[in-house]
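What follows is each chain in one-letter form.
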Amino acid sequence: NAGVTQTPKFRILKIGQSMTLQCTQDMNHNYMYWYRQDPGMGLKLIYYSVGAGITDKGEVPNGYNVSRSTTEDFPLRLELAAPSQTSVYFCASSYSSRGPDEQYFGPGTRLTVT
Amino acid sequence: KNQVEQSPQSLIILEGKNCTLQCNYTVSPFSNLRWYKQDTGRGPVSLTIMTFSENTKSNGRYTATLDADTKQSSLHITASQLSDSASYICVVISTGNTGKLIFGQGTTLQVKP
């Protein structure tokens, strides 16, 4: 299993540009998540999905959109990039939301908006 | 407000020494607590998972403790190695449909030869 994969690894955007961060998992997990990690801060949940076709907002959803057309893929869309979106983005997945169930994280995408 | 606070913010120790990282939380209702290791430029990887009824859990040289009464946890690293240099993140899971994870800001550990 490749686990959770993310592309790209790095990206520099200009203000106002748009892009999609890709996330794929091959563990047949129902739950998928997008987090952002700012320097010196804990990870913050942007969006999550409990299954194909179902998504919901997390703690910091403004400026982002998601879709979940398949179990495997959970792309994160930035429509109008802003400097405040400069961060490291992590995708994660888990089989369920039960407490003991493990969340597996991807390697991250480092995004800079200038 | 549900919070997870870690201390110290950063720590430097010599190879072979032991260290203890602290985590205090105010999350309620509480489901379980996890410690993650995050190497530079990588995603977090789980070290231990403890439910409220467990007060200690080991994973090799890593031992986590939990006191649900005082809402404190610690991660003890024994006989540190250079590869232990990383950020260690305390994560508390609140009960509920989404199993919401609440992350601490992490402790950055540097092990020097």
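Calculation notes
- Residues numbered from 1 in each chain as written.
- Chains lettered and ligands numbered in written order.
- Predicted model: local features only at pLDDT ≥ 70, side-chain atom pairs only at ≥ 80, totals over all residues.
- Heavy atoms only, no water.
- Helix = DSSP H or I, 4+ residues; strand = E, 2+ residues; numbered from the N terminus.
- Rg over C-alpha atoms; globule rule 2.2 N^0.38 Å.
- Buried < 20%, exposed > 50% of the residue type's maximum accessible area, 1.4 Å probe, protein only.
- Pairing = 2+ DSSP bridges.
- Axes fitted to C-alpha atoms, helices over the stretch in contact; angles between N-to-C directions.
- Contact = heavy atoms within 4.5 Å.
- pLDDT = per-residue confidence, 0-100.
- Buried area = accessible area lost by both parts, 1.4 Å probe.
- Salt bridge = Lys/Arg side-chain N within 4 Å of Asp/Glu carboxyl O.
- Nonpolar A, V, L, I, M, F, W, Y, C, P; charged D, E, K, R; others polar.
- Phe/Tyr/Trp six-rings, centres within 6.5 Å; stacked < 30°, edge-to-face > 60°.
- Lys NZ or Arg CZ within 6 Å of the ring centre and 35° of its normal.

### Here's the deal with the overall build of chain A
Turning to step 1, where the next piece is worked out: A count of helical and extended segments in chain A gives 0 helices and 11 strands.
Turning to step 2, where the next piece is worked out: The order of helices and strands in chain A, counted from the N terminus, is β-β-β-β-β-β-β-β-β-β-β.
Turning to step 3, where the next piece is worked out: For a compact globule of 114 residues, the expected C-alpha radius of gyration is about 13 Å, and chain A comes in at 13 Å, within 12% of that figure.
Turning to step 4, where the next piece is worked out: Expressed along its principal axes, the backbone C-alpha trace of chain A runs to roughly 40 × 30 × 25 Å.
Turning to step 5, where the next piece is worked out: Relative to its 114 residues, chain A shows a buried fraction of 47%.

### So, the sheet that holds strand β1 (residues 4-7) of chain A
All names here are of chain A.
Turning to step 1, where the next piece is worked out: Strands sit in the order β1-β3-β8-β7 across an open sheet of 4 strands; the sheet is antiparallel. In the strand order of this sheet, the two ends are held by β1 and β7 (64-66), each with one partner. The average undirected angle you get between the axes of adjacent strands in this sheet is 20 degrees.
Turning to step 2, where the next piece is worked out: Here 3 bridges tie strand β3 (residues 19-25) to strand β8 (residues 76-78), and the two strands are oriented antiparallel to one another. Each bridged residue has a counterpart across the sheet, and for Met-19 the counterpart in β8 is Leu-78.

### Side note on the side chain of B:Ser87
Residues and elements named next belong to chain B.
Turning to step 1, where the next piece is worked out: Along the polypeptide, Ser-87 turns up in strand β9 (residues 86-94).
Turning to step 2, where the next piece is worked out: On the basis of relative accessibility, which here comes to 16%, the residue Ser-87 falls in the buried class.
Turning to step 3, where the next piece is worked out: In contact with Ser-87, not counting residues within four places along its chain, are Tyr-36, Lys-37, Gln-38, Gly-106, Thr-107 and Thr-108.

### Examining the confidence of the model for chain B
Turning to step 1, where the next piece is worked out: Scored by pLDDT, chain B comes out at a mean of 92, with 95% of its residues at no less than 70.
Turning to step 2, where the next piece is worked out: Taken element by element, the predicted model of chain B shows its lowest mean pLDDT in strand β10 (residues 101-103) of chain B (87) and its highest in strand β8 (residues 72-77) of chain B (98).

### Structural notes on the interface of chain B and chain A
Turning to step 1, where the next piece is worked out: Contact with chain B, which involves 21 residues of that partner, is made by 20 residues of chain A.
Turning to step 2, where the next piece is worked out: Both sides of the chain B and chain A interface together cover about 1500 Å² of buried area, and 55% of this is carbon and sulfur.
Turning to step 3, where the next piece is worked out: Counting every contact that joins chain B to chain A gives 0 salt bridges.
Turning to step 4, where the next piece is worked out: Counting only elements with at least two residues in the side of chain B that touches chain A, the list comes to β4 (30-38), β5 (45-51), β9 and β10 of chain B.
Turning to step 5, where the next piece is worked out: Across the side of chain B that touches chain A, the residue classes tally to 7 nonpolar, 12 polar and 2 charged.

### Topic: the packing of aromatic side chains
Turning to step 1, where the next piece is worked out: Considering all chains together, one arrives at 8 aromatic pairs over all chains under this definition.
Turning to step 2, where the next piece is worked out: With a centroid separation of 5.6 Å and 35 degrees between ring planes, the pair formed by A:Tyr35 and A:Phe105 is classed as tilted. One end of the pair, A:Tyr35, is in strand β4 (residues 31-37); the other, A:Phe105, is in strand β10 (residues 104-105), and 70 residues separate them in sequence. Both residues of the pair, A:Tyr35 and A:Phe105, belong to the buried class.
Turning to step 3, where the next piece is worked out: A ring pair is formed by B:Tyr62 and B:Tyr88, whose centres lie 6.1 Å apart and whose planes are at 45 degrees; its orientation type is tilted. Placement of the pair is B:Tyr62 in strand β7 (residues 62-67) and B:Tyr88 in strand β9, with a sequence separation of 26 residues. A single burial state applies to B:Tyr62 and to B:Tyr88, both of which are buried.
Turning to step 4, where the next piece is worked out: Lying across the ring of B:Tyr62, B:Arg61 places its NZ or CZ 5.7 Å from the centre.

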